[in-house]
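# Fold and geometry: a report
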Amino acid sequence: MICPFCDKEMLKGTMSGDGRTRIRWKEGDKPMGIFEGIGGIGLVTAAKYTWGAFAIKTYFCRKCKKMIIDTDVTK
């Protein structure tokens with residue numbers, strides 16, 4: 001995907017967390033390994049923390065520091 005802000009290629013990855021730990025982002029489709037989690041790799045600094053696990057497919061632009069998330073809101 002091309003970034004709509006800077007026209008650079010975005011990285012496909014997954015944003016995940018469980019409410020007890022910080023929210024993280026990892027490039028690609030593989031889940032975050034235990035050593036990556038311990039090492040603090042991929043921390044999402046804008047995240048607010050609550051209880052409950054999640055995983056969201058995202059695109060991340062390293063240049064702009066922006067993420068794109070495909071979503072819908074149900075009524």
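Treat the numbers as computed from the prediction; the structure is a model and nothing was measured.

## Quick word on the packing of aromatic side chains
Using the criterion set out here, one finds one aromatic pair in the structure. Aromatic pair Trp 25 and Phe 60: ring centres 5.2 Å apart, planes at 50°, arrangement tilted. A residue pair is termed long-range when its members are at least 10 positions apart, and Trp 25 in strand β2 (residues 24-27) and Phe 60 in strand β3 (residues 54-61) qualify at 35 residues. Across the pair, Phe 60 and Trp 25 agree in class, each one buried. A cation over an aromatic ring shows up here: Lys 66 above the ring of Phe 5, its NZ or CZ 4.9 Å from the ring centre.

## Describing unusual backbone geometry
The phi torsion at Asp 7 lies on the positive side, around 65°, for a residue other than glycine. By the secondary structure assignment, Asp 7 is in the segment before β1 (11-17). Of note, Lys 65 is a non-glycine position whose phi angle comes to about 65°, a positive value. Secondary-structure assignment places Lys 65 in the loop between β3 and β4 (66-68).

## Section: the pairing of β2
Here β1 pairs with β2 via four bridges, running antiparallel. Of the residues in β2, the one forming a bridge with Gly 13 is Glu 27. Linking β1 back to β2 in an antiparallel pair, the connection comprises six residues, with Gly 19 at a positive phi of about 90°.

## With respect to the side chain of Thr 14
Structurally, Thr 14 can be placed in strand β1. In this structure the side chain of Thr 14 is engaged in a polar contact, spanning 3.1 Å, whose partner is the side chain of Lys 57. In contact with Thr 14, other than residues within four places in its own chain, are Arg 24, Trp 25, Lys 26, Gly 28, Ala 55, Ile 56, Lys 57 and Thr 58.

## Describing the environment of Val 44
Looking at the element boundaries, Val 44 is found in the loop between α1 (34-39) and β3. Judged by its relative accessible area of 14%, Val 44 falls in the buried class. As for Val 44 and Met 15, which are separated by 29 residues in sequence, their C-alpha atoms are 8.2 Å apart.

## Considering the confidence of the model for the protein
Averaged over every residue, the pLDDT of the protein is 82; residues scoring 70 or more account for 83%. Per-element averaging of pLDDT across the protein places α1 at the bottom with 66 and β4 at the top with 94.

## Description of the sheet that holds β4
Two strands in a sheet stick together by hydrogen bonds in their backbones, pointing the same way (parallel) or opposite ways (antiparallel). Judged by pairing direction, the sheet is antiparallel, and its four strands sit side by side in the order β2-β1-β3-β4 without closing on themselves. The outermost strands of the open sheet, each flanked by one partner alone, are β2 and β4. Across the sheet, the mean angle separating the axes of adjacent strands is 40° when strand polarity is ignored.

The rules we used
- Residues numbered from 1 in each chain as written.
- Predicted model: local features only at pLDDT ≥ 70, side-chain atom pairs only at ≥ 80, totals over all residues.
- Heavy atoms only, no water.
- Phe/Tyr/Trp six-rings, centres within 6.5 Å; stacked < 30°, edge-to-face > 60°.
- Helix = DSSP H or I, 4+ residues; strand = E, 2+ residues; numbered from the N terminus.
- Buried < 20%, exposed > 50% of the residue type's maximum accessible area, 1.4 Å probe, protein only.
- Lys NZ or Arg CZ within 6 Å of the ring centre and 35° of its normal.
- Pairing = 2+ DSSP bridges.
- Polar contact = N/O pair within 3.5 Å; in protein donor to acceptor, adjacent residues only side chain to side chain.
- Contact = heavy atoms within 4.5 Å.
- pLDDT = per-residue confidence, 0-100.
- Axes fitted to C-alpha atoms, helices over the stretch in contact; angles between N-to-C directions.

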